[in-house]
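# Examination of the molecular architecture
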Amino acid sequence: MGLFVHRKTIIWLTLLIGMFFTHASVYSQNQQAEFLQAYDVLHKGGHYDSDHLRGYILKPYLDYERIKQRLKKSSDQTLIDFIQQNPQSLLADNISSDLLDRFAKQGKWRSLLKYYQDGHGGTKSKCNGLEAKIRTGQNIQQAQQDALKVWLSGSSRPNSCNSLFSLLRKKGAINDANTWQRIALAMDAGGTRLSKSLAKYTTNPALVSLWTKLRKRPAKHLNNKLLNKKDVRTRQVISYGIKRLARKNTSKASKQWTKFQNTHHFTPIEKADIESNLGVKHAYNHSPYALQKLVVIPAKLRSEEASLWMARMALRQGDWSKLLNAIYGMPAELRKKDIWQYWLAYAEKKSRKKVSVNLHNLAKNASFYGFLTADELNQPYERLMQPKRNWAALTPKIKRIPAIQRATELFSLGMNDLAKKEWFWTLKRLNKQDKLAAAAYAHEINQPFLGIVTVSKTKDWNQTDLRFPLKYQSLVKQSAQKHRIIPAWVYGIMRRESAFDPIIVSSANAKGLMQVLPATARGVARKLGIKSHRTSDLLIPKKNANIGAAYLSQMLKRFKGNYVKATASYNAGPHRIPRWAPDFNISAPRWIESIPFNETRNYVRAVMSYTTIYDHKLHFRNRKNMRLSQRLQLVGPN
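One structure accompanies this document, and this report is about it.

This part covers the overall build of the protein. Across its full length, the protein holds 37 helices and zero strands. When the backbone C-alpha atoms are referred to their principal axes, the protein occupies close to 80 × 70 × 50 Å. Expressed as a percentage of the 638 residues in the protein, the buried residues total 51%. Pairs at least 24 residues apart make up 58% of the contacts formed inside the protein by residues separated by at least 6 positions.

Here we come to the packing of helix H21 (residues 338-350) against helix H23 (residues 368-376). Direction vectors running N to C along H21 and H23 enclose 35°, while the axes themselves pass 9 Å from each other. Every residue of H23 that contacts H21 at Asp338, Ile339, Tyr342, Trp343 and Lys349 is listed here: Tyr369, Gly370, Leu372, Thr373 and Glu376. For the contact of H21 with H23, the residue count by class is five nonpolar, two polar and three charged.

Moving on, we get to unusual backbone geometry. Of note in this structure, Gln88 is not a glycine but carries a positive phi near 50°. Along the chain, Gln88 turns up in the loop between helix H4 (76-85) and helix H5 (90-106). Of note, the phi angle at Asn139 is positive, near 50°, even though the residue is not glycine. Relative to the elements of secondary structure, Asn139 occurs in the loop between helix H7 (123-135) and helix H8 (140-151). For Asn139, a relative accessible area of 56% gives the class exposed.

A word on a nonpolar patch on the surface. Where nonpolar side chains cluster on the molecular surface, the patch consists of Ile503, Val505 and Leu539 and spans about 240 Å² of accessible area. Considering the arrangement of structural elements, one finds Leu539 in the loop between helix H33 (518-528) and helix H34 (541-558). Since its relative accessible area comes to 31%, Leu539 is described here as partly exposed.

Moving on, we get to the pattern of salt bridges. This structure, assessed with the given rule, holds 27 salt bridges. Close ionic contact of Lys336 with Glu333 constitutes a salt bridge, the shortest N to O distance being 3.6 Å. Overall, the relative accessible area of 57% leaves Lys336 in the exposed class. The class for Glu333 is exposed, based on a relative accessible area of 58%.

Once that is clear, we can look at the state of the cysteines. Considering all chains together, one arrives at one disulfide under this definition. Between Cys127 and Cys161 runs a disulfide, and the two sulfur atoms are separated by 2.0 Å. On the sign convention where negative means left-handed, the S-S torsion of about 90° between Cys127 and Cys161 marks this disulfide as right-handed. With Cys127 in helix H7 and Cys161 in the loop between H8 and helix H9 (162-170), this residue pair connects regions lying 34 residues apart in the sequence. Accessibility classification places Cys127 together with Cys161 in one group, the buried group.

Criteria and cut-off values
Residues numbered from 1 in each chain as written. Predicted model: local features only at pLDDT ≥ 70, side-chain atom pairs only at ≥ 80, totals over all residues. Heavy atoms only, no water. Helix = DSSP H or I, 4+ residues; strand = E, 2+ residues; numbered from the N terminus. Buried < 20%, exposed > 50% of the residue type's maximum accessible area, 1.4 Å probe, protein only. Contact = heavy atoms within 4.5 Å. Axes fitted to C-alpha atoms, helices over the stretch in contact; angles between N-to-C directions. Nonpolar A, V, L, I, M, F, W, Y, C, P; charged D, E, K, R; others polar. Patch = residues over 30% accessible without salt bridge, like charges linked within 9 Å, V, L, I, M, F, W, Y side chains within 5 Å. Areas by Shrake-Rupley, 256 points an atom, 1.4 Å probe, with all protein chains shown as cover. Salt bridge = Lys/Arg side-chain N within 4 Å of Asp/Glu carboxyl O. Disulfide = S-S within 2.5 Å.

What follows is the structure, given as structure tokens:
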């Protein structure tokens, strides 16, 4: 098919580009339209003469599709030419992976090493490169160690790695001991299929089979006679079964644990591991005995999660000495996080000990606990008061990067998935400063989601201007005013839920800016008297914001103006909030830390701090913004 045949289609695509893609491109609409037509034809395996698009930034995508659709028929030289013509690019890496795979299947190990680059390509390329090094005798010992690290994973590996793994088995690098280790990793990751495939390489495949059955039906299979054996692997399988049972029935799991302690000799480390798990499960249920069960586990042997839940239950119950005990038992890196620095200082004050935390430094962070500390010290929110940085001097460097130019053009064409692949491929090669500049550029081209995610790659959580853009401002204000809630809260929810991607859909089928579930939307729409509501409406920003804000308003009324409870209900559902109620009034931060769902606990902290940031952005000049602590009402039994 040639250009003449598609002239009408190109004219139509030109009009489409002009109507729907707002970011300005340096290329003509005719070039864009013809590229889209050529890409569509080639992607479907057709023919298209696109040589006259040679000057267009996305021309390599057409050459790439031409090769990929005829990969088996393409010569080695065709692939090599493409790699050389498009050096240091995502597409070249992809073709290079295909070339290395071809050389591996043909046994051309020296040719493979000629084009293999450490760190380029994915796991498939790495496996091929390591096998080539071993087979050609290049630093065999190191190559075998690196290959074993690839193999020793709880996840399945590409089929291209099978030849390498067979080679490792022949050389004795993969043995019974590390096969069992990999099965354990797979079981922890829920990989029963992988575990079953590995069972034949162990001395006890029947025990592996039982192990996989314990995942779904632990109560039944913990009575299997195979578990009567008194060796370390049997104890490991028993431990797994008890932990799986504890997820469904902590009481039954505790009884099984008592039974097995009477028949098997568990080491102190094994005992502490199981008891840590059981104690955490009791804490999930807010059992009054959970704290005591966790306290008796030696601090050095207590799991990290057990120390965390010991701290959370001590917080919920107001036991400051046990809170100090739990924090002291945490790994140093965990103890340094602002959350535990805050509670360490709090517990030290309550226990009349000298405060060991530099609270003034903690108050500088634009985070939930940074803001709380600033409130207690009666200090301004320092990070929010800093002048905006002028990124204009740094973004030109980012704009000159070819992969960023390709990503920008792909965004302008609405080919967002390909654009993001180019973008994230590039981010891996940038330093922190350039990543921040790339985030600023993402906002410049109206890609706030990308900008926010790009900043997250730097872990610089105090970059509030780049992390919290004021997108959809009039829409947010209108929906908030209509449903009588504050715009900053709508912003906080929207920022956490979608990072301003209006068409994002979660794995749970939550949709749009405020990630509203279709069933929830239908119920809200009925209450609002919207008779024409359709699920697809949730991908329309105005309609999504209206439904989301209305639901927020309903939750705030349901929980009598308590922002923390209403926020938690938006994430976990309103029916769960009464289950998590304390026996007596406690502060909102103490209640938040005792929420049993990690996602909801992190969500509430984030939304409340984001709300504080947006309230500052919207109202600081007129002094109408609120401090975080002003919005944290007590949480009680009702």
